[in-house]
Amino acid sequence: MLESGSNTLTIVVVGASGDLARRKIFPALFALYCQGLLPVELTIMGFARSAMTDESFRESITEHLTCRYTPEERSCAEKMDAFLACCHYVSGQYGSTDAFLDLFMRMQEHEPHSRTNRLFYLAIPPSVFMDVARALGDAGFVYCDDSSPWSRVVVEKPFGHDRSSSDQLVEELSHVFAERQIFRIDHYLGKEVIQNLMVLRFANRIFEPLWSREHIQSVQISWAEPIGIEGRGGYFDQYGIVRDVMQNHLLQMVSLVAMEPPASTSSAAIRQEKVRLLETVAAVGIEDLVLGQYTAAPAGAPPAPGYTEDESVPDDSLASTYAAVLLHINNPRWEGVPFLLRAGKGLDRKSTEIRILFRETEANVFSGVSGHAEPNELIIRVQPNEAIMFRITSKVPGLEMDLETRDLDLEYKTAFSELIPDAYEDLILDVIQGERSLFISSGELAAAWDVFTPVLDTVDSNHIRPLPYPFGSTGPSAAMDLAIRADTVWR
Ligand SMILES: NC(=O)c1ccc[n+]([C@@H]2O[C@H](COP(=O)([O-])OP(=O)(O)OC[C@H]3O[C@@H](n4cnc5c(N)ncnc54)[C@H](OP(=O)(O)O)[C@@H]3O)[C@@H](O)[C@H]2O)c1
């Protein structure tokens, strides 16, 4: 065997029978493979408890592979066959060193070099996460450094349940992997529009002078899903929407919107500014939090059961499926600017967007002119249909002087001819290339938990009951009051 490890890669997907692996990880790996972005000497090992042969495993992952990057039928079929030939499967228990030694033996049958770069993707529930990390370490899988050849581990959210469980996880994982070997994924950071946020802010001269309390009235970030829990309550019910969506995805968006310009685009500089920003976000007070839980759809609407009617959810569950939060950022740039966040399942739409609402124009010479003009607004639509829009006041064409609010619209689908990669493609490629800026550092993680842990403790210890809202609605009306208290309205 050769001793080189530079251009050979083994990817071990732990939890390979699961939803994330089949829907996201293997399709992303195939997309990278089709674009020639994975090393030629590639081995992919799936590992989980389910009994499968290599053949049945390959069948299980084929369903979600797409030919986006190789549209011709013949070349796609050839690529798919070649990709699947790199994929192998071993079944075993997650905490068993013997099972991982077995995996190691099988890996060696396929690896062309004795010292190959190794990427471990932990696509498993948090309950078995540390068992797997320890077993990987005990089986001698992990090179102790990030130099050549390297070992890296990808960890999925949730990273803990609160500040102390997160610290414990960070500590325990550090016995197996050094911090620079750990890639904590928040897949929102891999989304194109989110990656564009820093470019928008720092590569366009017009925004930076306006980006402060002087010109911005409020910032709103909303995440809405029209579906309910649909039998997947096991995990969600223990976490609720604040831990599942707000503490990670939404707070990451806040940090990119509100952070100071980094000294460079290096991952260290970006992460440093994100931590600094998160450390200036005040811990959420109970008076600034509205929690909700969806009930059955009202009569006349398409039928949908309430959250606690789902068979995977306990009848007396107090888990929140909706949350609205008013955040305060205590620094000179943002003092007094409300950051309103809301996230919910079972709502009236599918949408994730960031809205930056600017202040009214002072002494507007057009104030007596007819027509309705609203303050400027920058809208960053993450999904569906990625777009960046800037809402301006415009004269309506015609002989009269009528004003109207219109959008300057950068809709990705029409503005760019390039394919928009799935977030997981970008993120997995970054792991392979050792690029860390789109991953969560332990410092960010701790600061993000500090924002929510005190209020979550209050909610849990007082058994606070979330407010009911009908499936398919906009959420509890108390969220409207929260916005009014912040002197704004939800957009
Ligand atoms: N699905 C998504 O879109 C998504 C998005 C963001 C983050 N995540 C995170 O990614 C991880 C994996 O998500 P997933 O949706 O793929 O999870 P999943 O389908 O529930 O679980 C993945 C695999 O883990 C094993 N497993 C499930 N429950 C287990 C248990 N209680 N004890 C031991 N093993 C168990 C199962 O494999 P075997 O029974 O074959 O061992 C299953 O196929 C989770 O941490 C999740 O929070 C998922």
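Figured I'd write up the structure that's included with this text. Nothing here was measured: the structure is a model prediction, and the numbers come from that model. (Residues numbered from 1 in each chain as written. Predicted model: local features only at pLDDT ≥ 70, side-chain atom pairs only at ≥ 80, totals over all residues.)

Attention shifts here to the overall build of the protein. Helix and strand counts for the protein stand at 13 helices and 17 strands. At 24 Å, the protein has a C-alpha radius of gyration in line with the 23 Å of a compact globule built from 491 residues. By the burial criterion, 42% of the 491 residues in the protein qualify as buried. In the protein, 80% of the contacts between residues at least 6 apart in sequence involve partners at least 24 apart. (Helix = DSSP H or I, 4+ residues; strand = E, 2+ residues; numbered from the N terminus. Rg over C-alpha atoms; globule rule 2.2 N^0.38 Å. Buried ≥ 20, exposed ≤ 12 C-beta atoms within 10 Å, placed from the backbone. Contact = placed C-beta atoms within 7 Å.)

A few words on the sheet that holds strand β12 (residues 370–372). The strand order across the open sheet formed by 10 strands is β12-β15-β14-β13-β11-β7-β10-β9-β8-β17, and the pairing between neighbours is mixed. Every interior strand has two partners, whereas the edge strands, β12 and β17 (467–470), have only one. Taken pair by pair, the neighbouring strands of this sheet meet at an average axis angle of 20°, ignoring direction. Judged from the four bridges that link them, strand β8 (residues 289–295) and β17 form a sheet pairing that is parallel. If you follow G292 over to β17, its bridge partner there is L467. (Pairing = 2+ DSSP bridges. Axes fitted to C-alpha atoms, helices over the stretch in contact; angles between N-to-C directions.)

Attention now moves to the nonpolar core. In this structure, L122, M246 and A323 are the most contacted members of the largest nonpolar core, which totals 133 residues. Of all the elements, helix α8 (residues 233–258) adds the most residues to this core, at 12 residues. Among residues more than four places away in sequence, those in contact with M246 are I241, L251, A323, V325, L341, A343 and F452. (Core = buried A, V, L, I, M, F, W, Y, C linked by C-beta atoms within 7 Å.)

The element strand β2 (residues 41–48) is largely enclosed, with a buried count of seven among its eight residues. Bridge count between strand β1 (residues 8–14) and β2: seven bridges; the pairing is parallel. By the bridge assignment for β2, T8 is matched with E41. Between the parallel pair β1 and β2, the chain is carried across by helix α1 (residues 19–34), and the sense of this crossover is right-handed. (Right-handed = clockwise from strand over helix to strand, strands pointing away.)

Between α1 and helix α11 (residues 423–433), the shortest axis-to-axis distance is 8 Å and the interhelical angle comes to 70°. The orientation of α1 with respect to α11, classified from their angle, is roughly perpendicular. Packed against α1, whose contacting residues are K24, I25, A28, L29, A31 and L32, the element α11 presents Y424, E425, I428 and L429 at the interface. Considered class by class, the residues forming the contact of α1 with α11 number eight nonpolar, no polar and two charged. (Parallel < 35°, antiparallel > 145°, perpendicular 65-115°, else oblique. Nonpolar A, V, L, I, M, F, W, Y, C, P; charged D, E, K, R; others polar.)

Taken together, the buried positions of helix α2 (residues 54–62) are occupied by F57, R58 and I61. End-on, the buried residues of α2 take up no more than an arc of 100°, which puts them together on one face. Every exposed residue of α2 that faces more than 90 degrees away from the buried side is listed here: E55, S56 and E59. Looking at the buried side of α2, the elements it contacts are α1, β2, α3 (73–85) and β3 (87–91). (Arc of directions from axis to C-beta.)

Looking now at the sheet that holds strand β16 (residues 439–440). Backbone-to-backbone hydrogen bonds join strands into a sheet, with any given pair of strands oriented parallel or antiparallel. Strand order in the open sheet made by the seven strands is β3-β2-β1-β4-β5-β6-β16, with mixed pairing throughout. Only two strands of the sheet have a single neighbouring strand rather than two, namely β3 and β16.

Time to look at the environment of A283. Inspection of the secondary structure puts A283 in the loop between α9 (267–279) and β8. When sequence neighbours within four positions are dropped, the list of residues in contact with A283 reads D450, V451, P454 and V455.

Next up on the list: the packing of α8 against helix α12 (residues 442–461). Where α8 contacts α12, the two axes come as close as 10 Å, and the packing angle between them is 150°. Relative to α12, the element α8 is oriented roughly antiparallel. Viewed along their axes, α8 and α12 form a crossing whose handedness is right-handed. Along its contact with α8, which presents V242, M246, Q247, N248 and L251, the element α12 presents A448, W449, V451, F452 and L456. (Left-handed = near helix turned anticlockwise from the far one by under 90°.)

This part is about the pairing of strand β10 (residues 339–344). Taken across its six residues, β10 has six buried, putting it largely inside the fold. By the alternation rule, side chains of β10 split into F339, L341 and A343 and L340, R342 and G344, which are all buried. Inspection of the sheet shows strand β7 (residues 216–224) paired to β10 by six bridges, in the parallel sense. Considered in β10, the bridge of A224 is made with G344.

Take α9 next. Helix length check: α9 (13 residues) gives 18 Å between terminal C-alpha atoms against 18 Å at 1.5 Å per residue, within 8%. Every buried residue belonging to α9 is among I270, R271, K274, L277 and L278, and all of these are buried. Taken around the axis of α9, the buried residues stretch over an arc of 125°, which confines them to a single face. Turning to α9, the residues buried within the fold contact α8 and α12. (Expected span 1.5 Å × (residues − 1).)

It is worth spelling out unusual backbone geometry at this point. The omega torsion across K157 and P158 is 5°, close enough to zero to call that bond cis. Here P158 is to be found in the loop between β5 (151–156) and α6 (163–174). The omega torsion of the bond from Q383 to P384 falls at -10°, within 30 degrees of zero and hence cis. Although it is not a glycine, N385 adopts a positive phi angle of roughly 55°. Mapped onto the elements of the fold, N385 is located in the loop between β13 (377–383) and β14 (387–395). In the Ramachandran plot, D487 falls in the positive-phi region, its phi being about 65° despite a non-glycine side chain. With respect to the helices, strands and loops of the structure, D487 is situated in the segment after α13 (478–485). Judged by C-beta crowding, with 10 C-beta atoms within 10 Å, D487 ranks as exposed.

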